[in-house]
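Coordinates in review
Chain by chain, the residues:
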Amino acid sequence: QMVVHDLKNPLASIMGNAQLILMQKTQLTPARLEELLQRSQESARQLMRMILNILHIGKMEERKMPLRLEPLALHEIVQENVSEMSGMSARDRIELENRVPRDLPPLVADRELVGRVVANLLSNALKHTPAGGRVVVEARPDGEEMVLTVSDTGEGIPEDLQPHIFEKFVVGPGDHTRRMLYDSGLGLTFCRLTVLCHGGRIWLTSTPGAGTTVFIALRRQGPPSPGAVEP
């Protein structure tokens, strides 16, 4: 029920924007039309991410998710997602910044999966950061690992939920507010399973009311034995 509820929200947004365009097509200014189309595109991307999360979580849990390993430029992957979400961040008056160095050594990983991890983390950070806040992505080599961080100045995560936030369907028992705040939690579950499939680590620090930082550490040369790492 929670997953279906989550899927309904972006779909309702797409349908609502399309209805407005059809009803007001002779009255819409070019700027207003562009805004409605941009909102529809953002909702469509969100819906696609959620569907792919569901499909890929199942494959990872069944240990049937192949990794297509290749050298990646992290700055480019992060910038692609930052550019896609720049409209949302500008509209919500949230500063979104890519601080990953361009000359960072390449990371051997699955480009599509790592890109979707970044997209999930950025989407989550933007959703829980109020107007005037900031979301920053950084990365640095650390020995044999590459450490990527996504930090926000948002509402933070309640302390009792922090140890469980990467699990599926995490909500506070009987707490409607937390149910609405964290939805079904599948985006962060996807991130955890993807990182584990690469032989990496994921964790976070969070202060309620002050923000959250998610850390991802991946082996720079890829998992020790591709396909053998199990979540």
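Right above here is the structure, for reference.
I will try to describe carefully the structure that is included in this document. Because the structure is predicted, anything quoted here is derived from the model rather than measured. (Residues numbered from 1 in each chain as written. Predicted model: local features only at pLDDT ≥ 70, side-chain atom pairs only at ≥ 80, totals over all residues. Heavy atoms only, no water.)

Here we come to the packing of helix H2 (residues 30-61) against helix H5 (residues 111-127). Where H2 contacts H5, the axes come no closer than 12 Å and their chain directions differ by 125°. Taken together, the axis directions place H2 and H5 in an arrangement best described as oblique. The interaxial crossing formed by H2 with H5 has left-handed handedness. For the pair H2 and H5, the contacting residues are Arg49, Leu52, Asn53, His56 and Met60 in the first and Glu112, Leu113, Arg116, Ala119, Asn120 and Ser123 in the second. Residues belonging to the contact of H2 with H5 are distributed by class as follows: 4 nonpolar, 4 polar and 3 charged. (Axes fitted to C-alpha atoms, helices over the stretch in contact; angles between N-to-C directions. Helix = DSSP H or I, 4+ residues; strand = E, 2+ residues; numbered from the N terminus. Parallel < 35°, antiparallel > 145°, perpendicular 65-115°, else oblique. Left-handed = near helix turned anticlockwise from the far one by under 90°. Contact = heavy atoms within 4.5 Å. Nonpolar A, V, L, I, M, F, W, Y, C, P; charged D, E, K, R; others polar.)

As a further point, take the environment of leucine 193. Its location among the elements puts leucine 193 in helix H7 (residues 186-197). As a C-alpha pair, leucine 193 and glutamate 167 span 26 residues in sequence and 9.8 Å in three-dimensional space.

What follows is about the packing of aromatic side chains. All told, the structure shown has 1 aromatic pair when counted by the stated rule. Taking the centre distance of 5.2 Å and the plane angle of 5° together, the rings of tryptophan 203 and phenylalanine 215 count as stacked. Here tryptophan 203 is found in strand S6 (residues 201-207), whereas its partner phenylalanine 215 is found in strand S7 (residues 211-219), with 12 residues between them in sequence. (Phe/Tyr/Trp six-rings, centres within 6.5 Å; stacked < 30°, edge-to-face > 60°.)

Here we take up the packing of helix H3 (residues 74-84) against H5. Describing two packed helices takes the angle between their axes plus the distance from one axis to the other. Packing of H3 against H5 brings their axes to within 9 Å, and their N-to-C directions diverge by 45°. Relative to H5, H3 is oriented oblique. When you trace H3 past H5, the crossing you get is right-handed. For the pair H3 and H5, the contacting residues are Leu74, Ile77, Val78, Glu80, Asn81 and Val82 in the first and Arg111, Val114, Gly115, Val118, Ala119 and Leu122 in the second. Of the residues in the contact of H3 with H5, the class split is 8 nonpolar, 2 polar and 2 charged.

This next bit is on the side chain of serine 40. Within the element layout of this structure, serine 40 appears in helix H2. For serine 40, a relative accessible area of 14% puts it in the buried group. A distance of 3.3 Å separates the side chain of serine 40 from the side chain of asparagine 17, its partner in a polar contact. When residues no more than four places from it in sequence are discounted, the contact partners of serine 40 are Ile14 and Asn17. (Buried < 20%, exposed > 50% of the residue type's maximum accessible area, 1.4 Å probe, protein only. Polar contact = N/O pair within 3.5 Å; in protein donor to acceptor, adjacent residues only side chain to side chain.)

What follows concerns the side chain of threonine 149. Along the chain, threonine 149 falls in strand S5 (residues 145-152). For threonine 149, a relative accessible area of 12% puts it in the buried group.

Turning to the nonpolar core, a few remarks are in order. Of all hydrophobic cores here, the largest spans 48 residues; its most connected members are Leu74, Val100, Leu121, Leu122, Val135, Leu148 and Ile216. Per element, the largest residue contribution to this core is 9 residues, and it comes from H5. If we ignore the near neighbours within four places in the chain, the residues touching leucine 74 are Val100, Leu104, Leu107, Val114, Ala139 and Met146. (Core = buried A, V, L, I, M, F, W, Y, C linked by side-chain atoms within 4.5 Å.)

This part covers the pairing of S7. With 8 of 9 residues buried, S7 is to be regarded as a mostly interior element. Alignment of S5 against S7, held across 8 bridges, turns out to be antiparallel. The partner of glutamate 145 across the bridge, within S7, is arginine 219. Direction of pairing for S6 relative to S7: antiparallel, over a ladder of 7 bridges. Following the sheet pairing, arginine 201 is matched in S7 by alanine 217. Linking S6 back to S7 in an antiparallel pair, the connection comprises 3 residues, with glycine 209 at a positive phi of about 90°. (Pairing = 2+ DSSP bridges.)

Attention now goes to unusual backbone geometry. One non-glycine residue, arginine 93, adopts positive backbone phi at about 60°. For arginine 93, a relative accessible area of 60% gives the class exposed.

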